[in-house]
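One letter stands for each residue in the lines below.
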Amino acid sequence: MIYAANFKTNHTRESTKEYITDLQSKLGDKKPEDRVFVFPPLTALDSFEGDFTIGAQNAYPVENGAYTGEVGVEQLSEFNINTILIGHSERRDTIGESQEQVAKKFAFFKEQGFEIIYCIGESLEVREQGIEAVMEHLVSQFEGIDTTYDNFVVAYEPIWAIGTGRSATVAEIVETHNALKQIVDKPLLYGGSVKGANIAEISAISNVDGVLVGGASLKTETFLELVFH
Ligand code: 13P
């Protein structure tokens, strides 16, 4: 299983350091085949060492240059960061990244050899139209994406389940993940209100290879509850 913590715009440099220090001391007992990722805010990136991978929530698809307010590969390389989240619904919908921009970012970071956790997900409006509409939408989010890329993990995060406390049901996850695996044969994470109360049933689903976690990842106690469930 993969356990990925997405802090979003939470935690400071100081509190991230405390979190990682706590994590380092407690991950010793995790199953060797499990992988843990942490995506802190960009200002908290550093050269942390331990049995986990630190990634960037976002970056601009350049080495460096005149891109005011952005961070490129040069700034990530300082801390040996070569893992990135691309396509999160908050970047698509709140920040306004188009599929074209997402695909451009993907192509650039693929070229750099980054491990890419690529997020897809539908709105409630689409979900209410049924699985065919859902799949049509999800397939459209692979437009321009090389799904055969080796260093590629997909995260299915239904937007209506993010931060709402209401995760997708087991039946919805089973149906959607089975359909997605037919299209992209890569590790497939589920994200959306994953917490201690539902990790056992979600992680038991055969086509769930891991979880991408927001709210429940913000404290080491609640995140480790998932890793050690
Ligand atoms: P929550 O776990 O807070 O629902 O967030 C999920 C998410 O968006 C992770 O990327």
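Going by the structure above, here's the rest.
The numbering scheme is per chain: residues are counted from 1 as the chain's sequence reads. Given that this is a predicted model, residues contribute local features only at a pLDDT of at least 70 and side-chain atom pairs are listed and counted only at 80 or more, while totals for whole chains, interfaces and linings are drawn from all residues. Working from all heavy atoms in the structure, the side-chain values ignore hydrogens and water.

### Some words on the pairing of strand 7 (residues 188–191)
Then step 1. Alternating positions in strand 7 separate into two faces, Leu188 and Tyr190 on one and Leu189 and Gly191 on the other, with burial throughout.
Then step 2. DSSP bridges decide pairing: two strands pair if at least two such bridges lie between them. In this text, helices come from DSSP runs of H or I with a minimum length of four residues, and strands from runs of E with a minimum of two, each type numbered from the N-terminal end. The sheet contact formed by strand 6 (residues 152–156) and strand 7 spans three bridges and is parallel. The partner of Ala155 across the bridge, within strand 7, is Leu189.
Then step 3. Look down the strands so they point away from you; if the path from the first strand over the helix to the second goes clockwise, the crossover is right-handed. Each parallel crossover has a hand, and the one from strand 6 via helix 7 (residues 170–183) to strand 7 is right-handed. Any residue under 20% of the maximum accessible area for its type is buried, any over 50% is exposed, and the rest in between are partly exposed; the area is computed with a 1.4 Å probe on protein chains only.

### Digging into the nonpolar core
Then step 1. Counting 61 residues, the largest nonpolar core has Leu23, Phe109, Ile116, Tyr118, Phe152 and Phe223 as its most contacted members.
Then step 2. Looking at this core element by element, the count peaks at five residues for helix 4 (residues 99–111).
Then step 3. Residues count as neighbours in contact if any of their non-hydrogen atoms are within 4.5 Å of one another. The contacts of Tyr118, once residues within four sequence positions are left out, are Ile86, Arg92, Gln99, Val102, Phe106, Gln141, Phe142, Ile145, Phe152, Val153, Val154 and Ala155.
Then step 4. The set of buried Ala, Val, Leu, Ile, Met, Phe, Trp, Tyr and Cys residues whose side-chain atoms join them within 4.5 Å is what this entry labels a nonpolar core. Grouped together as the second largest cluster of nonpolar side chains are eleven residues, Phe39, Leu85, Cys119 and Ala155 included.

### Re the packing of aromatic side chains
Then step 1. Aromatic pairing here means that ring centres of Phe, Tyr or Trp (its six-membered ring) are within 6.5 Å. Orientation follows from the plane angle: under 30 degrees is stacked, over 60 is edge-to-face, and everything else is tilted. By the definition in use, this model includes eleven aromatic pairs.
Then step 2. Ring centres of Phe109 and Phe114 lie 5.0 Å apart, and the angle between their planes is 65°; on these two criteria the pair is classed as edge-to-face. The burial state of Phe109 is the same as that of Phe114; both residues are buried.
Then step 3. Centroid distance Tyr118 to Phe142: 6.0 Å. Interplanar angle 35°. Geometry classified as tilted. Taken together, the residues span a long stretch of sequence, with Tyr118 in strand 5 (residues 115–120) and Phe142 in the loop between helix 6 (131–140) and strand 6 at a distance of 24 residues.
Then step 4. Chaining the aromatic ring pairs together yields one cluster made of Phe106, Tyr118, Phe142, Tyr149 and Phe152.

### Considering the site of the ligand
Then step 1. Only heavy atoms are used to decide nearness, and a residue is near a molecule or strand if one of them lies within 4 Å of it. With respect to spatial proximity, 13 residues lie near the ligand, and among them Lys8, Gly163, Ser193, Gly214 and Gly215 are the closest.
Then step 2. A 3.5 Å cut-off defines polar contacts: any pair of N or O atoms within that distance qualifies, except that in protein one atom must be a possible hydrogen donor and the other a possible acceptor, and neighbouring residues in sequence count only when both atoms are side-chain atoms. Lys8 places a polar side-chain atom, nitrogen or oxygen, 2.8 Å from an oxygen atom of the ligand.
Then step 3. His88 is positioned such that a nitrogen or oxygen atom in its side chain is 2.9 Å from an oxygen atom of the ligand.
Then step 4. Note on areas: Shrake-Rupley with a 1.4 Å probe; residue coverage comes only from the protein chains shown. When the free accessible area of the ligand is taken as 310 Å², the share hidden by the protein chains comes to 95%.
Then step 5. Residues belonging to the shell around the ligand are distributed by class as follows: four nonpolar, seven polar and two charged. Polarity classes work like this: nonpolar for Ala, Val, Leu, Ile, Met, Phe, Trp, Tyr, Cys and Pro, charged for Asp, Glu, Lys and Arg, and polar for all others, with Gly in that last group.

### A word on unusual backbone geometry
Then step 1. Even without being glycine, Asn80 reaches a positive phi, approximately 55°.
Then step 2. Structurally, the position occupied by Asn80 is in the loop between helix 2 (73–77) and strand 4 (83–86).

### Section: the packing of helix 6 against helix 7
Then step 1. The angle between two axes is taken between their N-to-C directions and runs from 0 to 180 degrees, where each axis is a line fitted to C-alpha atoms and a helix contributes only its stretch in contact. At a minimum axis separation of 11 Å, helix 6 and helix 7 run at an interaxial angle of 40°. Relative to helix 7, the element helix 6 is oriented oblique. As helix 6 runs across helix 7, the sense of the crossing is right-handed. Every residue of helix 7 that contacts helix 6 at Ile131, Val134, Met135, Leu138 and Val139 is listed here: Glu175, Thr176, Ala179, Leu180 and Ile183. Working definition: roughly parallel below 35 degrees, roughly antiparallel above 145 degrees, roughly perpendicular at 65 to 115 degrees, and oblique for all remaining angles. Less than a right angle of anticlockwise turn of the near helix away from the far helix marks a crossing as left-handed, whereas a clockwise turn marks it as right-handed.

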